[in-house]
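Residue strings, one per chain:
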Amino acid sequence: MQNILEELNKVAGVKGSMVVTKDGVVVAESLGPDLQKDTVAAVSSHMIQVSDRGLQELNRGNFEQLTLTSAHGRMVFVNLGVGYLVVVTKMEMKLGELLIEVESAARKIKGLNKRI
Amino acid sequence: MGWWADFKANRELSEARKNVQRARSPWSIGEFIDKCIELGRLDVALEEAEKGVREFPNSESLGEAFKRLIRAKCADELRACRDEVRKAPGPKAYYKLACLYKELRDLDQAVELARKGVELYPNFEGNYIVLADVRYERFQRDLRASDGLQAIELFEKAVDLNRENYRLLFQLAEIYQAVGAKQKAVEKVKMILDFAPDDRKALALLDKVQAMPPSRHEQLKDILEDFERRAASGTVARPGPLAIRYTRQPDQLARKLPLLERVQGFQRAVVLGPSGELLAGYPGGPEENRKYGDVLRKMFAAAVDCSLRMDISTFAKGLLETDSSLTFLVVVDRLQIAVLCSAKVKKDRLQAEVHKFVEHELYL
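Parameters at a glance
- Residues numbered from 1 in each chain as written.
- Chains lettered and ligands numbered in written order.
- Predicted model: local features only at pLDDT ≥ 70, side-chain atom pairs only at ≥ 80, totals over all residues.
- Heavy atoms only, no water.
- Helix = DSSP H or I, 4+ residues; strand = E, 2+ residues; numbered from the N terminus.
- Contact = heavy atoms within 4.5 Å.
- Areas by Shrake-Rupley, 256 points an atom, 1.4 Å probe, with all protein chains shown as cover.
- Lys, Arg positive; Asp, Glu negative; His and termini not counted.
- Charge placed at Lys NZ, Arg CZ, Asp CG, Glu CD.
- Rg over C-alpha atoms; globule rule 2.2 N^0.38 Å.
- Buried < 20%, exposed > 50% of the residue type's maximum accessible area, 1.4 Å probe, protein only.
- Core = buried A, V, L, I, M, F, W, Y, C linked by side-chain atoms within 4.5 Å.
- Domains from an automatic or database assignment.
- Buried area = accessible area lost by both parts, 1.4 Å probe.
- Salt bridge = Lys/Arg side-chain N within 4 Å of Asp/Glu carboxyl O.
- Polar contact = N/O pair within 3.5 Å; in protein donor to acceptor, adjacent residues only side chain to side chain.
- Nonpolar A, V, L, I, M, F, W, Y, C, P; charged D, E, K, R; others polar.
- Pairing = 2+ DSSP bridges.

Observations concerning the overall build of chain B
- Along chain B, the regular secondary structure elements total 17 helices and 5 strands.
- Once local pairs closer than 6 in sequence are excluded, the contacts in chain B between residues at least 24 apart make up 57%.
- When the accessible area of chain B is evaluated, it comes to approximately 18,200 Å², of which 50% is carbon and sulfur surface.
- Distance between charge centroids for chain B: 3 Å, based on 61 positive and 57 negative side chains.

Laid out in structure tokens, this is it:
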């Protein structure tokens, strides 16, 4: 899993990635110098919990993926079943390219989980 | 260009101008700018873009069109600066290229180059100024103490390297004045007056600064945190024209929401005001929409908080996907707009339709 995250971080514009549970427990991480592990885990866990709870309250299905776009960067959260892949990127990366890379990494991690 | 091509271009331009006049919005101005770029009329595009940016400073369409325009206009300059960094690197080469990227609104590149410039040539002030400018711009938008502190530290570093940079000292004094750091502002203005004792602008600024009430705190960090608290309570940031218009007339907004029915799989649209209050929802009555509003308010709050804490600045939009639905969240001019659809809709299509609604129809 660590290797998959490290590979993902080599993509230009990716600042860091992490696999985290809904409760904020870090399963694996590979973060750049600007990102702090505890902050990313706490913030991601909060975002995932609020979104998931909202989806349930409004009866809108199960959380699969969330993409946030801000003035200076993006965050993507993908449900892996056993946890969530969280990726933080700079703004320079095109959204389409980013999603291809993130979804490919998520598929690889899901494949690992199946083997385990 | 031959006369026929010239004639055709003028006709197309005039048609495009009429379209903007018929329905003036950031989106229609953006279309006009693109048309001008296509026809090679960069001067006309620049004039319209500058007017548009002044009129709709927070528009995404205009920002993107402006970027495309500057990129077309500065293509040769960009190439020359890149060559200079490659062939004859020096502090000024990095600075020039970083400034150009900043103008192109490619802030990641600008910051990367300026950081590299600082690392290689730490005694040249220009690259600190680029980093400080970018950080200060974020401070102005997000009103976060941490951004303000970083910007000021970088500006101060640049001042240490050149104590007679008028523009820099003036800007720093204005920043201190804006956040309420009276003493620091006075110090900077006096530094200007040391080498330009008769400067009228500096003397006027000194009068203004001396009329300020004294700072409640001594440490800059505390002053900025106090500023952030005031900003959060709404006493600093003001809502833009869309928020003002629709907060006053939510029924006008409610009448526009049915336009979103054109989105395939459309289920519901909910709009919250600057304080998170429900302004309008469609379809359904107020009770039903209030329930949606309560849930969506929490999602927006989490997304805003997440973006700021992850240092990626102000939250602009988000797409939440499930096995059966898509929820698109957009913040525009402090209005929070959520569009809920079934999974039938294509993501790109949904985003394009909502973009047009937000940047065009809401402005009409």
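A look at the overall build of chain A
- A tally of regular secondary structure across chain A gives 3 helices and 5 strands.
- In chain A, the succession of α and β elements from N to C terminus is α-β-β-α-β-β-β-α.
- What you see for chain A is a C-alpha radius of gyration of 13 Å, in line with the 13 Å of a compact globule of 116 residues.
- C-alpha extents for chain A along the principal axes are approximately 40 × 40 × 30 Å.
- When each of the 116 residues of chain A is scored for burial, the buried share is 53%.
- Within chain A, residue pairs in contact and separated by at least 24 positions form 44% of the contacts whose partners lie at least 6 positions apart.
- Carbon and sulfur atoms form 47% of the exposed surface of chain A, whose accessible area is close to 5,300 Å².

Remarks on the nonpolar core
Residue and element names in this part refer to chain B.
- With 104 residues, the main nonpolar core has Ile 33, Phe 155, Leu 260, Leu 335, Val 339, Leu 350 and Val 354 as its most contacted residues.
- Each of two domains, domain 1 (3-73) and domain 2 (241-363), supplies a minimum of three residues to this core.
- When near neighbours in sequence (up to four residues on either side) are disregarded, Val 339 contacts Leu 260, Phe 266, Arg 268, Ala 269, Leu 326, Thr 327, Phe 328, Leu 350 and Val 354.

Points about the domain arrangement of chain B
All names here are of chain B.
- Per the domain assignment, the segments making up chain B are domain 1 (3-73) and domain 2 (241-363).
- Just the C-alpha atoms count here: the centres of domain 1 and domain 2 sit 28 Å apart.
- Taken together, the 11 residues of domain 1 in the interface contact 7 residues of domain 2.
- Between domain 1 and domain 2, the buried area comes to about 790 Å², and carbon and sulfur atoms account for 56% of it.

Concerning the interface of chain A and chain B
- Between chain A and chain B, the residue contacts involve 38 residues of the former and 42 residues of the latter.
- The contact between chain A and chain B buries some 3,200 Å² in all, and 59% of this surface belongs to carbon and sulfur atoms.
- In terms of surface lost to chain B, no three residues of chain A exceed Leu 58, Arg 60 and His 72 of chain A, which account for 25% of the buried area on that side.
- At the junction of chain A and chain B, the tally comes to 2 salt bridges.
- Lys 90 of chain A is paired through a salt bridge with Glu 112 of chain B; the nearest N and O atoms lie 2.9 Å apart.
- Remark: the boundary between chain A and chain B carries 19 residue pairs in polar contact (both at pLDDT 80 or more).
- Counting only elements with at least two residues in the side of chain A that touches chain B, the list comes to helix 2 (37-57), strand 3 (63-70), strand 4 (73-79), strand 5 (84-89) and helix 3 (95-115) of chain A.
- It is helix 2 of chain A that provides the largest number of residues to the side of chain A that touches chain B, a total of 10 residues.
- Its residues placed into classes, the side of chain A that touches chain B shows 16 nonpolar, 13 polar and 9 charged.

Topic: the pairing of strand 4 of chain A
Residues and elements named next belong to chain A.
- A large share of strand 4 lies buried, amounting to 6 of its 7 residues.
- Both strand 3 and strand 4 contribute to a ladder of 6 bridges, which runs antiparallel. Each bridged residue has a counterpart across the sheet, and for Ser 70 the counterpart in strand 4 is Gly 73.
- Once strand 3 ends, the chain turns through 2 residues before running back antiparallel as strand 4.
- Judged from the 6 bridges that link them, strand 4 and strand 5 form a sheet pairing that is antiparallel. Among the inter-strand pairings, Phe 77 is bridged to a residue of strand 5, identified as Val 86.
- Hairpin geometry of strand 4 and strand 5 is characterised by an intervening segment of 4 residues between the two adjacent antiparallel strands and by a positive phi of about 95° at Gly 81.

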